[in-house]
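Observations on the three-dimensional arrangement
The chain contents come next:
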Amino acid sequence: MNCNIAVIKGDGIGPEVVTEAMKVLNAVGKKYGHTFNYEQLLMGGCSIDKHGVPLTDEAVERAKANDAVLLGSIGGNTQTSPWYKLPPELRPEAGLLKIRKELGLFANLRPAYLYEELKDACPLKEEIAEKGFDMMIMRELTGGLYFGERKTEEVDGVMTAVDTLTYNENEIRRIAIKAFDIAMKRRKKVTSVDKANVLDSSRLWRKVVEEVAKDYPEVKYEHMLVDNCAMQLVKDPAQFDVVLTENMFGDILSDEASMITGSIGMLASASLNETKFGMYEPSGGSAPDIAGQNKANPIATILSAAMMLRYTFDLDREADAIEAAVKKVLEEGYRTCDIVSEGTQLVGCDKMGDLVAERV
Ligand code: NAD
């Protein structure tokens, strides 16, 4: 297969971790007979330095011309970097918002998986961590409260702020379909999370999810109220497979789910649109505190590349090979500094990439 990938290395540790993910992709290409063509684009601080804006229109067009985007991270130290003295629309993060919007990325996927070898880093009680967990939080990314109308005004002499939570049935349907499609590639269970006991938008959400579910008889589904879900994530995370939810609930629940895995350097993510196109990136930021020191953990980016193979290119066997290689490296006791513990062997970012690539 010929795969065209726009690569945005970005700032901070971005270039280091993306280089390792490309190394692993190249190993997959060699073993399974695929060609990965990379087109490097600028976004974030590096684009500000070169072009004066965090993302040029030309870079957006080039990203669209590829099949997927592999992104490192963008931004610098928000206290000291000159990028943060610029107006908000010219700061690094504006590039990220622009590319998400331009590419129509409405579905955000964040897997939360507890590796056997990293159980000690899990903040949950031992008997809960013991059971492990492997879930995919699927968050709607372009609707709901964060994009609704808002205003702050004085009403009868009292300052009053209004935010609006709006969803239409089409927005709900397209993400529900994605969730059920993804459940078909996993353990075939969807938990749809809402607040249907209070909110109209949640009652519509529930109705549309039920309609979509009819087309997926093999997938078991359930509804869960968001407050209960927040509790269940720490009480019994093993029960979840795909967790489908709207923007704000997903924002909060996906961070809670990442927290219980114990390490930000291990967490992949994907943002998808209606086609197979996706943008794949680690969940963490640009980590300016460790940038350029060969200390970053590249596994989140490597696993994001595996998600790209699975969801954009339908190369499930190859994605499995990357995930198995990561597990193997951890089993053998290699760790970057963010996950190192007694009795394990500390390695740098590039060595971690070599180890995973060799085991693909
Ligand atoms: P961060 O995620 O960059 O760092 C938080 C902590 O986690 C740091 O101690 C860092 O060293 C560590 N860390 C993160 N990723 C790691 C990895 N792969 N390996 C080892 N350790 C890792 O968050 P922050 O410090 O709040 O933000 C730094 C910059 O990143 C800011 O400019 C922020 O706006 C930006 N940011 C970008 C993205 C993105 O590109 N999508 C996301 C979040 C934050």
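Bear in mind that the values here come from a model prediction, so they are computed numbers and not experimental data. (Residues numbered from 1 in each chain as written. Predicted model: local features only at pLDDT ≥ 70, side-chain atom pairs only at ≥ 80, totals over all residues. Heavy atoms only, no water.)

1. A short note on the sheet that holds strand β2 (residues 35–41)
Heads up, the condition is: Any two strands with at least two DSSP-identified bridges between them are counted as paired. The way it works is that DSSP assigns letters per residue, a run of H or I at least four long becomes a helix, a run of E at least two long becomes a strand, and they are numbered from the N terminus. Lines fitted to C-alpha atoms define the axes here, with helix axes fitted over just the stretch in contact, and angles between the N-to-C directions of these axes take values from 0 to 180 degrees. We call two residues in contact when some of their heavy atoms are within 4.5 Å.
If you trace the 10 strands from one edge of the open sheet to the other, you get β2-β1-β3-β12-β11-β4-β5-β10-β8-β9, paired in mixed fashion. Strands at the two margins of the open sheet, each flanked by one partner only, are β2 and β9 (220–225). Pairs of neighbouring strands in the sheet enclose a mean axial angle of 25 degrees, with direction left out of account. Pairing between strand β11 (residues 268–272) and strand β12 (residues 278–282): five bridges, direction antiparallel. For Leu272, the partnering residue across the bridge sits in β12 and is Gly278. Where helix α1 (residues 14–32) meets the sheet, its contacts fall on β1 (2–10), β2 and β3 (68–73), and the angle it forms with β1 comes to roughly 165 degrees.

2. Points about the site of the ligand
How we decide: In this text, near means that some heavy atom of the residue lies within 4 Å of the molecule or strand in question. Accessible areas in this description were obtained via Shrake-Rupley with a 1.4 Å probe; residue shielding takes into account the shown protein chains only. Three residue categories are used. Nonpolar comprises Ala, Val, Leu, Ile, Met, Phe, Trp, Tyr, Cys and Pro, charged comprises Asp, Glu, Lys and Arg, and polar comprises the others, including Gly.
In the vicinity of the ligand there are 22 residues, among which Gly76, Glu93, Gly285, Ala287 and Asn297 approach most closely. Burial of the ligand by the protein chains amounts to 68% of its free accessible area of 810 Å². Among the residues making up the shell around the ligand, the classes are represented as nine nonpolar, nine polar and four charged.

3. So, the pattern of salt bridges
Test applied: Counted as salt bridges are all cases of a side-chain nitrogen of Lys or Arg within 4 Å of a carboxyl oxygen of Asp or Glu. Throughout, exposure labels follow a simple rule: accessible area from a 1.4 Å probe, protein chains only, divided by the maximum for the residue type, with under 20% read as buried, over 50% as exposed, and the rest as partly exposed.
Throughout the structure, instances matching the rule amount to 34 salt bridges. Ionic pairing is found between Asp354 and Lys23, a salt bridge with its closest N-O pair at 2.7 Å. Linking Asp354 in helix α12 (residues 349–359) with Lys23 in helix α1, this pair joins segments that are 331 residues apart in sequence. Using a relative accessible area of 29% as the deciding quantity, one classes Asp354 as partly exposed. In this structure, Lys189 engages Glu222 in a salt bridge whose closest nitrogen and oxygen atoms are separated by 3.6 Å.

4. Points about helix α8 (residues 226–235)
Keep this limit in mind: Throughout, the arc means that of the directions going from the helix axis to the C-beta atoms.
Taken together, the buried positions of α8 are occupied by Val226, Cys229, Gln232 and Leu233. An end-on view of α8 places all buried positions within 110 degrees of arc, on one side of the element. Turned more than 90 degrees off the buried face of α8, the exposed positions are Met231 and Lys235. Lining the buried residues of α8 we find β5 (134–140), β8 (189–194), β9, β10 (242–245) and α9 (247–261).

On their own, these measurements won't tell you what the molecule is for.
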